[in-house]
Amino acid sequence: MRLLVISAVLALSAAQTTIDPSILINIFGTPPTTQTTATHKKLEDITVKPTDATTTFHDKDGQSCQCVPYYLCDSNNVGVDVNNASVTGWGELDIRFGEENPRECQESVEVCCTVPKDPQFVSKPTPDPTKIRGCGYRNPEGLSVRVTGDGNEAQFGEFPWVVALLDAWNSSYAGVGVLINPEVVMTGAHIASKFIGGNLKIRAGEWDTQTDKEIYPFQARDVKDIVIHESFMPKSLKNNIALLRLASPVDITEHINVICMPEQDEVFDSHKNCVANGWGKNVFGLKGRYAVILKKVEQDMVPHTRCNNLLKRTRLGTNFKLHNSFVCAGGEEGKDTCQGDGGAPLACPTGGNRYKLTGLVSWGIGCGQKDVPAVYTNVPKFRYWVDDKMAEWGLEATSYRISK
């Protein structure tokens, strides 16, 4: 499942070290429509119709069942939707769609229930305030329910720091950001610069963009201030970082929390199993009814010198020099290591299911090619810059600092 296609080949001559603006449109613009075979459908290529609340299905015993959010059904009352609890065990939802994996209930968080509870008498669960922790804690098993699918979908609430960026005019998908303070989101300058003087908003706690039936709701906030790094270079994407100040802070909960920031110039070259996230669609919300669920791509970091040498073997040419405002990850054949939404966070584990922000998706050459890493903004290079901007806003840096 693509997050965002960064598959445009950078047609640069050997002497060039900048990226032509027309190439950036191909990299960060609307993802191209791809043809998929019947034997390998992808979630974003499958139209999902909303489940009609009045529709009933029948199991092999002739019992009727109705599609409802899973928390309105007991384990003994799961009916025909065999891809859910009756096969995988109660507490799990199979979110696969399509001909190979028929699913009567079209909403990802629904089950087909023989005796559903009356929603008028069932309070929707709320996050537990006693489970709020410090920055950077991942919920590897998700919250309340576990989903199974194609293997690269994130669990609900698994990465509390990931936020969706949307155009406030039409709610179209603009990219991904990362929460570093209840009032501040970080993203790529190439994303934020499109909205200078415009309208941008964020959604924290978003998971499946096609439903609002998740157990805990997302929180939407308007962006009131955008700060682009003063040394950002649009043609080469050097210093590709920006901060968004929200009109009002989000409420920290189980499924919405901040990431930990790295120390200034901290090195992550030897880190493995780092994670990038995103949705990878420019159509965000109900339009088109695509099953778009937050994705995760795990990849290992690549040391700067090795990455530079590997990139020289590509069309960038032998004169290419990777700027120190970039870090690299991935390059394993067959893995979508070059894929991710613009501005999306790359976070590396520090132990105990805790993560530090390491990079922001910037650019890449090809997709899933052996020994061709993806390139990210080097977030540790900008820790002092972030602290200074936070101080200018009168905000504390303690939100993203790991206590000694």
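To be clear, the structure that these remarks concern was listed above.
The model shown is predicted, which means the values in this text are computed figures rather than measured ones.

## Considering the state of the cysteines
Counted under the stated rule, the structure contains 5 disulfides. Here Cys-73 pairs with Cys-113 through a disulfide, and the sulfurs are 2.2 Å apart. Torsion about the S-S bond of the Cys-73 and Cys-113 cystine: about 90 degrees, corresponding to right-handed handedness. In this pair, Cys-73 is assigned in the loop between strand S2 (64-69) and helix H2 (85-88) and Cys-113 in strand S4 (residues 110-113), connecting sequence segments 40 residues apart. Accessibility assignment for this pair places Cys-73 and Cys-113 in one class, buried.

## Considerations on helix H5 (residues 383-392)
Turning to H5, its buried residues number three or more, namely Arg-383, Trp-385, Val-386, Lys-389 and Met-390. Summarising the axial view, the buried residues of H5 lie within an arc of 160 degrees, below the 170-degree limit, and thus occupy one face. Summarising the geometry of H5, the exposed residues directed more than 90 degrees from the buried face are Tyr-384, Ala-391 and Glu-392. For H5, the elements touching its buried residues are strand S7 (173-181), strand S8 (184-187), strand S10 (219-228) and strand S11 (242-246).

## A closer look at the sheet that holds strand S14 (residues 301-302)
Within the open sheet, the 7 strands sit side by side as S13-S12-S16-S17-S18-S15-S14. Their pairing is antiparallel. Edge positions in the open sheet fall to strand S13 (295-299) and S14, since each of these has one partner strand only. Summarising the sheet, strand S12 (residues 274-278) and strand S16 (residues 345-351) pair through 2 bridges and their orientation is antiparallel. Looking at the pairing, Val-275 lines up with Ala-347 of S16.

## As for the sheet that holds strand S6 (residues 162-167)
Ordered by their spatial adjacency, 6 strands build a closed barrel running S6-S7-S8-S11-S10-S9, and the pairing between neighbours is antiparallel. Shown here is a sheet whose adjacent strand axes are inclined to one another by a mean of 40 degrees, direction ignored. When S7 meets S8, the two strands line up antiparallel, connected through 3 bridges. Pairing of Val-178 across the sheet is with Met-186, part of S8. Contacting S7, S8, S10 and S11, H5 runs over the sheet at an angle of about 25 degrees to S11.

What counts as what
Residues numbered from 1 in each chain as written. Predicted model: local features only at pLDDT ≥ 70, side-chain atom pairs only at ≥ 80, totals over all residues. Heavy atoms only, no water. Disulfide = S-S within 2.5 Å. Helix = DSSP H or I, 4+ residues; strand = E, 2+ residues; numbered from the N terminus. Buried < 20%, exposed > 50% of the residue type's maximum accessible area, 1.4 Å probe, protein only. Arc of directions from axis to C-beta. Contact = heavy atoms within 4.5 Å. Pairing = 2+ DSSP bridges. Axes fitted to C-alpha atoms, helices over the stretch in contact; angles between N-to-C directions.

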